[in-house]
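What follows is each chain in one-letter form.
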Amino acid sequence: MYIGTVEIKGHTALAPMAGVADTAFRTICKAHGAAYVVGEMASAKGFVMQATKTAELLSVTTAERPMAIQLFGNDPEIMAEAAQKALAFSPDIIDINMGCPAPKVAGNGGGSALLKYPALAGRIIDSVVHAVPLPVTVKIRKGWDAAHVNAVEMAHIAEESGAAAITVHGRTRAQQYAPSADWDIIAAVKAAVRIPVIGNGDVDSPQAAARMLTQTGCDLVMIGRAALGQPWLFEHVETYLRSGELLPEPDVARRMTVLLDHVRLLCALKGERIGMREARKHAAWYMKGLHGASSLRGEAGKLVVFSDLEQLAARVMGL
């Protein structure tokens, strides 16, 4: 499939999870089968005002392509200016976040708050589309709450404003990340627009990915929390969709090898001090389901230097 002029060779996309989907995680997921990745959301206002941290969120490497950077904000002019500045990082696609439920984002009028103001959302999309030569996509939710379900309306507005694709998370802002995602709203959006639709919510296995594609008719499935600690999920999904084969879960040695590769890259990119601090949560996720996982997660929370992780991984593998 194509998003604008960008070809996506597969069926899976990595969700733009804040605090998680950094360069290291995106690279690992891409290496393990993700067809498309989206970076952590970055504040358009912060970027325009020269915030160094925001610029770090927008980095793009060759190994991650095709990749989108994601911006959030509620001012059409600032969003357009940020999108223009972001061209310096050479992204393939620019995604606009209109789905984040976090109070610090929605409370300031960005993210999912824009679901309450469809006309403003349209102006933002139009402004960004006309500011850059790249495909512009939009990520939304089902609606603000149960009384205001407007994903289909938002999708129409996005398409009319020039968006090249739209991602739909099947929950309202009020629902956050529970209960189960509503895939019917994704199907309704797919039926309502001509641009590609990416389905998001509760894809945690190859079988779930296949069900979403069948039930909704969406063009790509986006995987978020289910990939934490198991980036090979993308390869498993892609293989199942191509051939019907269910790949076996990786053994402990393989799991620890991927963890070490992931954290080694994380430290190379951010330095050992910061990298190992951030590695603690990832290590805990990789330990999920292993024998003695609770104790292992506790040890993961105390990691300081990379050799600590090497020793822990060796113990887990029984070396």
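The text that follows walks through the structure, step by step, so that each part is easy to find. Note that this is a predicted model, so its numbers are computed, not measured. (Residues numbered from 1 in each chain as written. Predicted model: local features only at pLDDT ≥ 70, side-chain atom pairs only at ≥ 80, totals over all residues. Heavy atoms only, no water.)

**Some words on the pattern of salt bridges**
Going through the model one piece at a time under the given rule, you end up with 10 salt bridges. Between Glu-159 and Arg-194 there is a salt bridge; the shortest N-O distance is 3.9 Å. Separated by 35 residues along the polypeptide, Glu-159 in helix α7 (residues 151–160) and Arg-194 in the loop between α8 (183–192) and β9 (197–200) bring together distant segments of the chain. Using a relative accessible area of 73% as the deciding quantity, one classes Arg-194 as exposed. Connected via shared salt-bridge partners are Asp-22, Lys-270 and Glu-278. (Salt bridge = Lys/Arg side-chain N within 4 Å of Asp/Glu carboxyl O. Helix = DSSP H or I, 4+ residues; strand = E, 2+ residues; numbered from the N terminus. Buried < 20%, exposed > 50% of the residue type's maximum accessible area, 1.4 Å probe, protein only.)

**So, the pairing of strand β8 (residues 165–172)**
Here is the key point about a regular strand: its side chains alternate between the two faces of the sheet. A large share of β8 lies buried, amounting to eight of its eight residues. The pairing of strand β7 (residues 136–143) with β8 spans six bridges and is parallel. Within the sheet, the bridge partner assigned to Thr-137 lies in β8 and is Ala-165. Where β8 and β9 come together, four bridges link them in parallel fashion. Counted as the bridge partner of Val-168 is Gly-199 from β9. In this region the chain leaves β8, passes through α8 and returns to the parallel neighbour β9; the handedness of that crossover is right-handed. (Pairing = 2+ DSSP bridges. Right-handed = clockwise from strand over helix to strand, strands pointing away.)

**Description of the sheet that holds β9**
Read once around its circumference, the closed barrel built from eight strands follows the order β3-β4-β5-β6-β7-β8-β9-β10, with strand pairing classed as parallel. With direction set aside, neighbouring strand axes in the sheet form an average angle of 30°. Where β9 and strand β10 (residues 220–223) come together, three bridges link them in parallel fashion. Bridge assignment links Asn-200 to a residue of β10, and that residue is Met-222. The strands touched by helix α1 (residues 23–31) are β3 (12–14), β4 (36–43) and β5 (67–72); relative to β4, the strand with the most contacts, the crossing angle is about 165°. Together, β3 and β10 form the strand contacts of helix α10 (residues 233–243), whose direction differs from that of β3 by roughly 165°. (Axes fitted to C-alpha atoms, helices over the stretch in contact; angles between N-to-C directions. Contact = heavy atoms within 4.5 Å.)

**A closer look at helix α6 (residues 118–131)**
Helical geometry note: an α-helix holds 3.6 residues per turn, so side chains three or four residues apart project in the same direction. With 14 residues, α6 should cover 20 Å at 1.5 Å per step; its first-to-last C-alpha distance of 20 Å lies within 8% of that length. Along α6, the positions that sit buried rather than exposed are Pro-118, Leu-120, Ala-121, Gly-122, Ile-124, Ile-125, Ser-127, Val-128 and Ala-131. Taken together, the buried residues of α6 touch α4 (76–86), β6 (93–98), β7 and α7. (Expected span 1.5 Å × (residues − 1).)

**Things to note about the state of the cysteines**
One pass over the full model with this rule turns up zero disulfides. Looking at Cys-29, it has no disulfide partner, and the nearest cysteine sulfur is the one in Cys-267, 17 Å off. With relative accessibility at 0%, the residue Cys-29 sits in the buried group. (Disulfide = S-S within 2.5 Å.)

Scope: geometric values only; no functional claims are made or implied.
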